Structures are given as C-alpha cells and as structure tokens.
Amino acid sequence: MSRHLDKILANAELQLATTAAKRPSDVLPLYKKFLKIEEHRLRLRHQAGGGGREICAGRAELIDVLLRHVFGQAKAGAHNDAAGSVALMALGGYGRRELNPFSDVDVMFLHRQNAARISSELGELVEQVLYLLWDIGFKVGHSTRSIKDAIMQANSDMLTKTSMLEARFLVGDAQLVRTFRGQFRNKCVTGFEREYLELRMKDQATRHAKFGNSVHMQEPNVKSGCGGLRDYQNLLWMTYFKEGALTTTHLVGRDWLSDTDQRRLDAAYDFLLRVRTALHYETKRGTDVLHLNIQEQLAGRLQYSQTTALLRSEAFMKDYYERTRDIFRITERITEQFVSGQSSGRLRSLLSFLPKPRSNEEDFGEFVSREKQLHAKQPNLFQTNSTLMMEAFRLAQRERLELSPELEDLFARNLSLVTRTFQYAKEPREIFKSILRLKGEVGRVLRIMHRVDFLGRYIPEFGELTCLVQHEFFHRYTADEHTLVCIDKLDALITTQNAKLLSYRKLFQRLDDPLVLYLALLMHDTGRGVGARPHSEASALFAGRVAMRLQLSPDERKSLILLVDHHVTMSNMAQQRNLDDPETIIEFAAIIKDQKNLDALMLLTLADGQGTSAEGWSDWKESLVWHLHYATSQYLADQDAFNQQMKIEREKLSAAVSAQLPADFAEEIEAHFDFMPDNYFRAFPVNDIVSHLQLFRDFFAKRSAQDSSPFAPAVKWEAFPEQGHAIVSVCTWDRRQLLARIAGSFAVVPINILSADIYTRGDNLVLDVFRVCTTDAKAVTDRQKHEQVEHTLSDSLGNETFDFPPLIAEARRKNRHRLAQEIDFPTRISIDNKVHPTFTLVQIETPDRLGLLYDLLSCLDREGVYISLSRISTEKGAAVDTFYVADVTTRGKITDSNRISSLQKKLQEAAVLIEEK
C-alpha cells in the first residue's frame, strides 16, 4: 500500500481506539462512519487509476483494522474474557488480501477447546463479532473450529482446504495460529500433493466447460471464465503444494515461467482485479459477469478515451480478451507441463509423484513426436529454414499432434520471420493450401496457428479480428473465436451422425475441393476488423487480396469473393423475403451463379449460423434456408421448367381441388379461386388448399350455429414436432387490428409467433396462416392452449374495447420463470423501398418481451399500414421482425419521407413501450 494510505489507516487506528470501552450499540455508528469515509477514499484512488491489487489490498487492510477493533471490543466484554484462547483468521480472497468492493468477508475463529460443543463464552464472543459485522453491512462467511476440526474439514473438502491455504492471522492468539499452520502443512499438504493437483485440474476443466470453454465469450465471467481470476489463483494453489508459497515469482527460472511471461501474467491479473472492482462499483453488488449492457459504462469508468462509447467499449473488451488470453495460455501451458512432465530438472521434481509416461517417439526429419506432442530437434530450426514453421502445422494436422510447450515458445520467439516475403513465398503457400484442403481436419490446426499468433501474422486480414468484440446481440464470441467456431462446425459435418445434419454432410462430401469454402469462412468477417458497416463488402475486398497472395485460380478467386460478399445473403433472403414469389428465387439465382456456389453457400450459412450461438440456428430458420436452396437448385437446373411450374394454372389446380371435395363445394371452390391472390396459389399445394376450403366452410357454419359467437373465427391447428412448430390457420372477416388481436391472443398463453402470412380474399374474408411454437421452441400440442387462444380471439373480435395489456401482463407474471431472459441492446428500425417492387420493407430488431408483436402490429394499424407478408423471428431474447407493408388506402408503397420518419419514431416507441407500462 502507498505511504498515503498507511497514514490513513494509522489515523483510523487512533480514532477507533476510543471505542473499546463503549457498548456495541454505541460504537456501531462510529464503525459505519469510519468505513464510509475510508471506502470513499479507496474509491477515489480507484477512479484516479489505482491498480487492481492496490485497491483490493487497501480494502483488505481497511477491514483488518475494523475487525481488530471489533474483536478487541467483543473480547473485552463482561463474559467474553472467559472465552479462552482464540484467534481470528482471514480466509480465501480476504486471506490473500484481494477484496473487491462487494466481495464476501470470510473469517475463521480458531480455538483450543476440545469439547464437542464450544463454551457459551466463546459462542457469545463469536456472535458479538458477527452481529457487529452484519450490522455494519458486510456479507460474512464464517466458521468456528478447533485445530483438529479445521484439519479434518480441510482433508474432507478441497474448497475448504484451498481457503485455508490462504489463511492469514488477524488478531488473537498468535501462537495458536502458528501451531495450526504447522499441523496444516504436515497433515493437509504433505502426502496429499497428487490428490490435490488432480482435484484442482478436474475442477478447472469443469469450470471451463461451465463457462463456455473459451476466453472469447461475448459476456465473460471475470472470476470463473476461461482466463479469469480463478485460473491464475488455481496456478498459485497448485504451486503451493510443492513450493510452499502463493506467488508466481517461485515459478520463474524453474522451467515453468520466463520473466516476460511472469510480467504478462501478473499484469493481466492486476487488470482483471481492477475490472472486477469497477464492475462492483458500477452494479453496487458482488457480481462477475460483464453483461453487454454494462461494458460501455465500465469502459468509461476505466478511463478509455476513444471518441464514442462504442469505440471505448471495443477498446476495453479487446484489452480484456488479450489479458484473459495471456492468463489462459500461460496457465494452460504450465498445467500441460505438470501432467506431461516433459520439462527438465525442477519441473519434473515438482510432479515426481506422477508416473513417468512411456516413451513413444516418432521421427519426422527436423521434428519428433513424443506423447502426442510435436517437438523441434534444434532450437534455431526456424532461423535456418522459416518454411518449417508452416511444415510444423502440416505435421500437427496429418499426425493429429499438439505442439509441445517448448515448440510453442519457439514460435513465439520467431514470429518476426513471418514477413511479407514469407506471406508470398511459394512453399509456405502450397503447404497452407494443402492444410485447407483436408476435409474435417482444418479447424484444429488453425486454432493451433492462432494460439501461437502465427495465423494472424500469415493472414494479417484475419489478425485484425483477434480479440475483437462484436456488438451484435446474436454473436456469442469475439470475431476471431466466432470464425474458428464456424470452421469447427464445418469440420464436424464430415463425420456427423446427427439426422438433422445428414443433408449438409452429403453436400460437403460431394464438394470436390473444400479450399475455397474453408478460406471463405476464414475471411467472411474480416471486414469487421476495420469497422466496416456493412462488413461483407470489405471482407470480400480482403478475400481478393488473400486470393492473390495464395495464387488461387480465376474461378477459385471468383467463388471466394462471391461467398464472402454474400455470406449473409442466403440467410437474410430466406428469413425476410417471400420465398413463394418466383422473383425472389430468380434474383437469388442471379447472385449465386451455379450449383457449386449454391451448395458451398448453404454450408457456409449453416456454419455461420451455428457458430454465432448455440441458439442461432433454429429448426424454423433452417427450413426456410432449405426452401430457398431447393427452389434455387430447381431454377439453376432448368429455368424453363421452373418458370412453367411457377405459372399459376388456376383451372388445373381448381380441378385437382374439386376432385378431393364433395360436389356441394363447387360454388365455394369457384369463389376461392376467383378471389384469392396469385401468391396464395404459389404458396400452397392442393392438399392445403382443400384444407383451407374446409376451414372457410367451418367459418360459415359457425355463423349459422345458434350457440356460437357471431364473431368466432374458424381456427385449425396442425403440429409438426420434428420441425419444432405448429401451423395455425385462422379464417374470419377482414377488419382493422385483426393481426394485432391474433398476436395478443397468442401472447396471453404465451405462444411465440415465427411467421405470419396474410391472404385477403376479394369478398372481405381473410386467411391468416401462422407458424408458432412454445416458449421453449417446441410445437404447440396442448389442447387447452388452443382453446385459450381461440376463446381470447373470439372475445376480442366481438368487443372493440377489448383490453389486451392487462391480460399480457398477467401472462407475463405467471410465466416469468419460463420466458427467455430479457436482454438490453439497441432497437433498430429500418424502412426500405428498394427491396421489393410493390411493397415497403420494414425491419425491426429489438429486445424481445411478451406482447411485443401485439404492440408493433397495433402501431402499424394506427399508422394506416397494411401488412402483406411478415417474417417473425424470436430467439435468445431478441426479436427480428420483417414486414412487407403498403398504405392501407392505396395499397401502394409508403414513399413520403415525413411519413417514413414518423413511422420509424412510432415503431421505436412501441418497441420500448413495455418500460412505460
């Protein structure tokens, strides 16, 4: 601590010394005042740029002073002086003097009593200390143990043993503490080395899996995530069991840690402690997750000075990922050395209790493999021949090897050899292309390249993505990790047995050369590295550069640029365009050129979707993309046949429908084919049209039934469990706010709407077809839910003043535990008149919540907007809704700029209206 803070603590000692003779109720205000003043001083030092360790140690020292006075006062009480020999010890993070603002204070009362139950005097002492701490406002973790109890508890639970590793004497019987430390070392450490290290390694693997198995999570956990505080602490705890000290300095010069790595490791740890302190101050509670909606505020608190909040946030998170990557890589490497015992001398002695692995060497010229790891024979290998850097990766791929820690260090020291000349050199280029041509084996070796920072040197366009945070909600990872996850997903197709992925596997297997596809995935987001908006065009330019350096053929270069430039086109068109309109298919086919590109883009779209997030590739989204792929394949195979198939031959279709229905349907069939729009007949086959006609008859039958509401619609439910949705067809009279009322009726259950297709007949009847699912993305099969929707809709259609918001609020309350967690990201409203020849395109991205679609549709209705087609997508707490709309009066595009601006504003208000209700 600084000399300035030492003086503050010395003054505090003098101020609190006068409290010893006072009653607890009298001193409590003095303690609170002291704590408030001193914690304010610490906060000011943090805001002035104080280091993470400095501020945490300052708070620990502050609590030390307070506890000593609280303990002294309790010990001086009327009965507590008879409590006997007792010592107060700090445990865990408090014990190692790393206490963030809202961290728990963990203490242990160590005593000499041997009875099964402690004396009443000791119990009174403990209670008085704890009550004072609780009253002051601390969260206290506590235990009261004899030395024997503490030893027994430590040997029965690894977490307890770990917390006692860092036990620190505060006040009381110092000799008792010395006795405890000696026995702890003899009875809990000596002889337990192997068991403890194995438990710690297992715990770390479990923790990494729980928090995403990646440093590059979009919302990382500062404490427990990969590369977080716990990884560093885990290394120290393991070291203690042989070195007897909790410091990285004991690892330097002993085949574990270089001076440079030690400085990087300690700097990264200090940075994370500072981030966690800022996080606690910002949230006013003990928390560890860097949520998206708090990253910008933290960047400001940590004094990032970029011109905009977004740039400050990106700079902060880039620093965060680089620091956690340092911790993760260094601690992971040392752990591997612990297990393998490959290092010499001191390292091997540390794990002398582990069995020596059997030698299993294989010679590869300048390299040798031992125990599944690749080693260089000479330390100056790369200076002699830099091409061997790329050759090492080819060997690692071909022989399924990992790089040894020593070889990784060799790469780190020789990255300067990856010059512009090396990037254009023929031998490395051909080796790199051969690596990308091995189906199913690419992702692992690219990860190895990236882990040693070689990939970003060789492909500098990709290097710009390193630790780059993506401010798009659906992206779960940083840009570099997202890219590598996408390549992993493509690799996995080659051996997948997942029934849902077998069609993709067939596409991948019939792809002769995967080089362009893998390279497209590697390059598809590189435009993000320069902040391009949209990023696809910039990514395509970078892909062209790489194609030139790698000397791709003209056809390969064209395909690469096309795939990168249009890597989101297939998904966007499938979700946002009317796939039943032949113009959509013709437009997409003109972009994609041929079947080979179409198949490759289909695989890229899958990998990109799966690599964005676990929830980013839903069954419904997949079915839309396959629809687009199938229709485009037909068009590319035979344009004339496709166009002929798309022609509406109403007479033939009408005859086929008539053949499946009784003769008394004749007039209804004639009306249906006269009044339904063209796109309806392109969208549905004969069986569906037959079903719809029967639904229309049911609607008219309800009008004649005496016991039926005159406003009751006809509704049909059909479940498709394997696709994760149900189709709900609704027939009724056309009227204002119809779609909004249907959406509200679904919301009160609640049921998610995936899409809505609206078909208005010329006789004022409406057929609305919805694809819906439950809140956990399953088909709606519960008949009670069906009835609830129909009853609510019928009531709302018969009552113009029907009030949905209270019903939706009640449904929200009842289903809160089942609804997706709401998140906070900017609402985006775009209105475009260029996409479609006859309709205006309205796109909305906003945090999802129950009743959102009802509010949006009600807004559109109030603004005099007619909806022709919609694509509704809800996943992971976000809504992405697309509407093809027209003016309700003219049925033409909305072109007036003032009206467009007003509509954007109204929709923005509707999207966030929930906050005001």
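Structure first, text after, so check above.
Residues numbered from 1 in each chain as written. Predicted model: local features only at pLDDT ≥ 70, side-chain atom pairs only at ≥ 80, totals over all residues. Heavy atoms only, no water.

Visitor: So what about the overall build of the protein? Which residues, and what values?
Guide: Looking only at helices and strands, the protein features 41 helices and 16 strands. Across the 917 residues of the protein, 55% fall into the buried class. The long-range fraction of contacts in the protein, counting pairs at least 24 apart against all pairs at least 6 apart in sequence, stands at 70%. (Helix = DSSP H or I, 4+ residues; strand = E, 2+ residues; numbered from the N terminus. Buried < 20%, exposed > 50% of the residue type's maximum accessible area, 1.4 Å probe, protein only. Contact = heavy atoms within 4.5 Å.)

Visitor: I'd like a rundown of the sheet that holds strand 8 (residues 402-403), residues and numbers included.
Guide: Across the sheet, 4 strands lie side by side as 5-6-7-8; this open sheet has mixed pairing. In this open sheet, the two strands that pair with only one neighbour each are strand 5 (361-364) and strand 8. In this fold helix 17 (residues 405-413) packs onto strand 6 (367-370), strand 7 (373-376) and strand 8, with an angle of close to 55 degrees to the strand it touches most, strand 7. (Pairing = 2+ DSSP bridges. Axes fitted to C-alpha atoms, helices over the stretch in contact; angles between N-to-C directions.)

Visitor: Which residues make up the pairing of strand 16 (residues 878-887), and what values go with them?
Guide: Where burial is concerned, most of strand 16 is hidden: 10 out of the 10 residues are buried. The sheet contact formed by strand 14 (residues 840-847) and strand 16 spans 8 bridges and is antiparallel. Directly across from leucine 841, in strand 16, lies its bridge partner tyrosine 884.

Visitor: Provide a residue-level description of the packing of helix 19 (residues 426-436) against helix 25 (residues 515-523), including the pertinent values.
Guide: As a packed pair, helix 19 and helix 25 sit with axes 8 Å apart at the nearest point and diverge in direction by 95 degrees. With respect to helix 25, the element helix 19 is oriented roughly perpendicular. Residues Phe432, Lys433 and Leu436 of helix 19 pack against Leu515, Tyr518, Leu519 and Leu522 of helix 25. Across the contact of helix 19 with helix 25, the residue classes break down as 6 nonpolar, no polar and 1 charged. (Parallel < 35°, antiparallel > 145°, perpendicular 65-115°, else oblique. Nonpolar A, V, L, I, M, F, W, Y, C, P; charged D, E, K, R; others polar.)

Visitor: A description of helix 8 (residues 174-189) should follow, citing residues and the corresponding values.
Guide: Each full turn of the α-helix corresponds to 3.6 residues, which orients residues three or four apart in the same direction. In this model helix 8 runs 21 Å from its N-terminal to its C-terminal C-alpha over 16 residues, within 8% of the 22 Å that 1.5 Å per residue would give. For helix 8, the set of buried residues is Leu176, Val177, Phe180, Phe184, Cys188 and Val189. You can read the cap of helix 8 off the contacts: a side-chain oxygen lies 3.1 Å from the backbone nitrogen of glutamine 175, and it is on aspartate 173. Backbone geometry just after helix 8 places glycine 191 at a positive phi near 90 degrees. (Expected span 1.5 Å × (residues − 1). Polar contact = N/O pair within 3.5 Å; in protein donor to acceptor, adjacent residues only side chain to side chain.)

Visitor: Let's hear about unusual backbone geometry: which residues, and what values?
Guide: Across the chain, the bulk of peptide bonds are trans and the bulk of non-glycine residues have phi less than zero. With an omega dihedral of 0 degrees, the bond running from valine 749 to proline 750 counts as a cis peptide bond. With respect to the helices and strands, the residue proline 750 is situated in the loop between helix 37 (738-747) and strand 11 (752-760). Backbone geometry places cysteine 467, a non-glycine residue, at a positive phi of 60 degrees.

Visitor: Describe helix 27 (residues 554-565), naming the residues involved and giving the relevant values.
Guide: With 12 residues, helix 27 extends 16 Å from end C-alpha to end C-alpha; this agrees with the ideal 16 Å at 1.5 Å per step. The complete set of buried residues in helix 27 reads Glu556, Ser559, Leu560, Leu562, Leu563 and Val564. Contacts from the buried residues of helix 27 go to helix 25, helix 26 (535-549), helix 29 (582-592) and helix 30 (595-612).

Visitor: Can you break down the pattern of salt bridges residue by residue, with the values?
Guide: When the charged atoms of two side chains lie near each other, side chains of opposite charge can form a pair. This model, assessed by the stated rule, comprises 48 salt bridges. Salt-bridge contacts for aspartate 513 lead to arginine 437; the nearest nitrogen and oxygen are separated by 2.9 Å. In this pair, aspartate 513 is assigned in the loop between helix 24 (502-509) and helix 25 and arginine 437 in the loop between helix 19 and helix 20 (442-451), connecting sequence segments 76 residues apart. (Salt bridge = Lys/Arg side-chain N within 4 Å of Asp/Glu carboxyl O.)

Visitor: I'd like a description of the packing of helix 37 against helix 39 (residues 804-814), backed by residues and values.
Guide: Running from amino to carboxyl end, helix 37 crosses helix 39 at an angle of 25 degrees, the nearest separation of the two axes being 9 Å. Relative to helix 39, helix 37 is oriented roughly parallel. Classified by chirality, the crossing of helix 39 by helix 37 is left-handed. Along its contact with helix 37, which presents Arg741, Gly744, Ser745 and Ala747, the element helix 39 presents Phe804, Ile808 and Ala811. A breakdown of the residues in the contact of helix 37 with helix 39 according to their chemical character gives 4 nonpolar, 2 polar and 1 charged. (Left-handed = near helix turned anticlockwise from the far one by under 90°.)

Visitor: Describe the sheet that holds strand 1 (residues 86-90), and please don't skip the residues or the numbers.
Guide: Within a sheet, adjacent strands bond to each other through the backbone by hydrogen bonds, running parallel or antiparallel. Within the open sheet, the 4 strands sit side by side as 3-2-1-4. Their pairing is mixed. With one partner strand each, in any of the chains shown, strand 3 (140-146) and strand 4 (168-172) form the two edges of the open sheet. Neighbour-to-neighbour, the strand axes of the sheet open up by a mean angle of 25 degrees, direction not taken into account. As paired strands, strand 2 (residues 105-111) and strand 3 are joined by 7 bridges and run parallel to one another. Counterpart to leucine 110 in the pairing with strand 3 is arginine 145. Taken strand by strand, helix 5 (residues 120-136) contacts strand 1, strand 2 and strand 3, and its axis lies near 165 degrees from that of strand 3. Helix 6 (residues 147-156) contacts strand 2 and strand 3 of the sheet and is inclined by roughly 115 degrees relative to strand 3.

Visitor: Before we move on, could you go through the environment of asparagine 100 and cite the residues and values that matter?
Guide: With respect to the secondary-structure elements, asparagine 100 resides in the loop between helix 4 (92-95) and strand 2. Note on asparagine 100: relative accessible area 0%, which makes it buried. Each C-alpha atom, one on asparagine 100 and one on glycine 286, is 8.2 Å from the other, the two residues being 186 residues apart in sequence. Apart from residues lying up to four places away in sequence, asparagine 100 is in contact with Cys56, Arg59, Leu273, Arg276, Thr277 and His280.

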